[in-house]
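Next come the chains, spelled out residue by residue.
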Amino acid sequence: MKHKILGVFAGGAVLFLAAASLPAHHGYATEFDAKNCLNLKGTLTGVDWENPHGYVYMDVKDASGKVHAWSLETISPNSMRRANTTREDFMNNSGKPAAARACPTKPGGTPDKGTVEILVMSDGVARILGQNIEGLTPEQTKDLLPQLKP
Amino acid sequence: MIRLRETRGLRYVLSLSGVLTILLLLVWIFPPASAQEKENTPHFAGDIENLKPLTAGGPAPHTGGHPDLSGVWYPNSGGTEIQIAYLSASPGVLAAKMQFDPKETPEGPPSFKPGMAAKYRVKPGAARAYGTCAQFGTPATLLGGNATWPIQIIQTPGLIAVLDEYPLDYRVIPTDGRPHPKDPDPTFNGDSTAHWEGDTLVVDTIAVDDRVSNFGSPRWLHSDQEHVIERFSRPSRNYLIYQVTVEDPVVLAKPWVSAPHRWSLSIHKGELLGEFFCTNNQEPEEIGRQTGDEAKTEGK
């Protein structure tokens, strides 16, 4: 999802990131498909609260009514906790509706697996839990959020 | 009634309540920019949309006649962990994320001696893969290897400890004036000894393991003649400045000097570093491939 505004916003950030030369992040460049991210609505069923990535589990019904058990990769729980997303938040919202912006594996990869970029559990709080591999600008994120209602 | 103005032939007379009504109307129609932005910016867990650079915070504390570097420090200006994705929460987050402005203090590439680039420049894209929690060594850990995660500096008389959350690691740096041993065994963090020059702690490191690559653009390996000088200062309570010089008479035409990198004091009172072991790697093949790539330089 590339918009003209992306170039203007990202200029500073990209320059900074190139200068910092951050460690290569395993998996994201090769495993996940930043061009086909999608909105998921379903039920939160669990979380793996571990490093280097957490995993969020959601049951999502497709158009035919079949349930897909999605596994969604997150940033480190150390990071989530600092931004006020705790293991207790997942426990308290487990078994309840949730919505996620997710980027799936590339074609040929494991089905029903992806990264969770933004998660909204039944408490309604928007939580940024991914790496923004889509490259959403703040404007695009703002436009997306109303679609992520559990 | 307040007579506000009277000009040639015209009289403007307004009641006080009328003036107030007009002012309120104008503010309602054209609210101040900051109030308008705050209404429109969505809210995220952790209030990340409101991240901004810390103020200087007053003078740095001192111990034993020197600035005390102790504290939990984040590699940014915002005093907390700032994941790259948080930049999408609000345009304001970028200023909190930055450790230096490349336009003000550019950080250039290393200058290789003739023929050395092919031997020592690391293949683009290769890095110590995130999923292995592999350590980065000196000075790579503090120049980007630790990514978004904090460090804790514990300053005691005669010794400074630098604890790193990711990758989980520590360095102990004597400040008791001891010299380097004659021929230290190479280690990832190297053999360090430090002394104060005014308000700057100067850390001198040699004997860094061959496998450690330096962060920069591009990244590069080093000879056994590499000599790393790190400078730590604390210009005010909330900021630590970290700057690195890498000398390598075999590989580099001249020393490579980093920009001064800002670190900011944690806003989370009493925070302890989290434990970070990579116990749940789910992409072993990809990690293995990246680890293999890391050993390759351009010439291979």
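The structure displayed is predicted, hence computed values, not measured ones.

On to the overall build of chain A, then. Along its length, chain A carries five helices and six strands. Starting at the N terminus and ending at the C terminus, chain A contains elements arranged as α-α-β-β-β-α-α-β-β-β-α. By residue count, 42% of the 150 residues in chain A fall in the buried class. Sequence-distant contacts, at least 24 apart, represent 59% of the contacts inside chain A between residues at least 6 apart.

The secondary structure content of chain B amounts to five helices and 14 strands. The buried share among the 300 residues of chain B stands at 41%. Excluding contacts between residues fewer than 6 apart, the proportion of contacts in chain B whose partners are at least 24 apart in sequence is 62%.

Attention now goes to the environment of A:G135. Structurally, A:G135 is set in the loop between β6 (126-128) and α5 (138-144). Residues A:G135 and A:A100 lie 35 residues apart in sequence; the distance between their C-alpha atoms is 16 Å.

Residue and element names in this part refer to chain B. Relative to strand β12 (residues 239-247), strand β11 (residues 227-236) runs antiparallel, the two being bridged by eight bridges. Opposite R231, over in β12, you have Q243 as the bridge partner. The hairpin turn running from β11 into β12, its antiparallel successor, is two residues long. In this structure, β12 lies alongside strand β14 (residues 261-265), joined through four bridges in antiparallel fashion. In the sheet register, Y242 faces β14, and the bridge partner there is H261.

Turning to unusual backbone geometry, a few remarks are in order. Backbone torsion omega between A:N51 and A:P52 reads 0°, so that peptide bond is classified as cis. Its location among the elements puts A:P52 in the loop between β1 (38-48) and β2 (55-61). The omega angle of the peptide bond from B:Y166 to B:P167 is -20°, so this bond is cis rather than trans. Checked against the element boundaries, B:P167 lands in the loop between β7 (159-164) and β8 (169-174).

Once that is clear, we can look at the confidence of the model for chain B. All names here are of chain B. Here chain B averages 88 in pLDDT, while 83% of its residues score no lower than 70. Low confidence marks residues 1-14, where pLDDT is under 50. Its contacts with residues over four positions away, or in another chain, come to eleven contacts. If you check the scores for this complex, the pTM reads 0.85 and the ipTM reads 0.86.

Time to look at the nonpolar core. Ranked by internal contacts, the top residues of the largest apolar core, which has 38 residues, are A:A100, A:L119 and B:Y86. At the level of secondary structure, the elements contributing two or more residues to this core comprise β1, β2, β3 (67-73), β4 (97-104), β5 (113-120) and β6 of chain A together with α3 (93-97) of chain B. Looking at this core element by element, the count peaks at five residues for β4(A). B:Y74, B:V162, B:V246 and B:L265 belong to the second-largest nonpolar core, a separate cluster that totals 36 residues.

Another point: the environment of B:V246. Residues and elements named next belong to chain B. As for its position among the elements, V246 is in strand β12. In the structure, V246 is positioned 18 residues away from S264 in sequence and 24 Å away in space, judged by C-alpha atoms. The residues touching V246, leaving out its near neighbours within four places in the chain, are N214, E226, V228, P255 and W256.

Let's shift gears to the confidence of the model for chain A. Overall, the predicted model of chain A reaches an average pLDDT of 86, with 80% of residues at or above 70. Note that pLDDT drops below 50 for residues 1-24 of chain A; the model gives that stretch 39 contacts with residues more than four away or on any other chain.

All names here are of chain B. Counting through the fold element by element, A253 comes out in the loop between β12 and β13 (256-257). Using a count of 13 C-beta atoms within 10 Å as the deciding quantity, one classes A253 as partly exposed. As a C-alpha pair, A253 and F112 span 141 residues in sequence and 5.3 Å in three-dimensional space. Those residues in contact with A253, other than ones at most four positions away along the chain, are S111, F112 and K113.

Here is what the cut-offs are and how they apply
- Residues numbered from 1 in each chain as written.
- Chains lettered and ligands numbered in written order.
- Predicted model: local features only at pLDDT ≥ 70, side-chain atom pairs only at ≥ 80, totals over all residues.
- Helix = DSSP H or I, 4+ residues; strand = E, 2+ residues; numbered from the N terminus.
- Buried ≥ 20, exposed ≤ 12 C-beta atoms within 10 Å, placed from the backbone.
- Contact = placed C-beta atoms within 7 Å.
- Pairing = 2+ DSSP bridges.
- pLDDT = per-residue confidence, 0-100.
- Core = buried A, V, L, I, M, F, W, Y, C linked by C-beta atoms within 7 Å.

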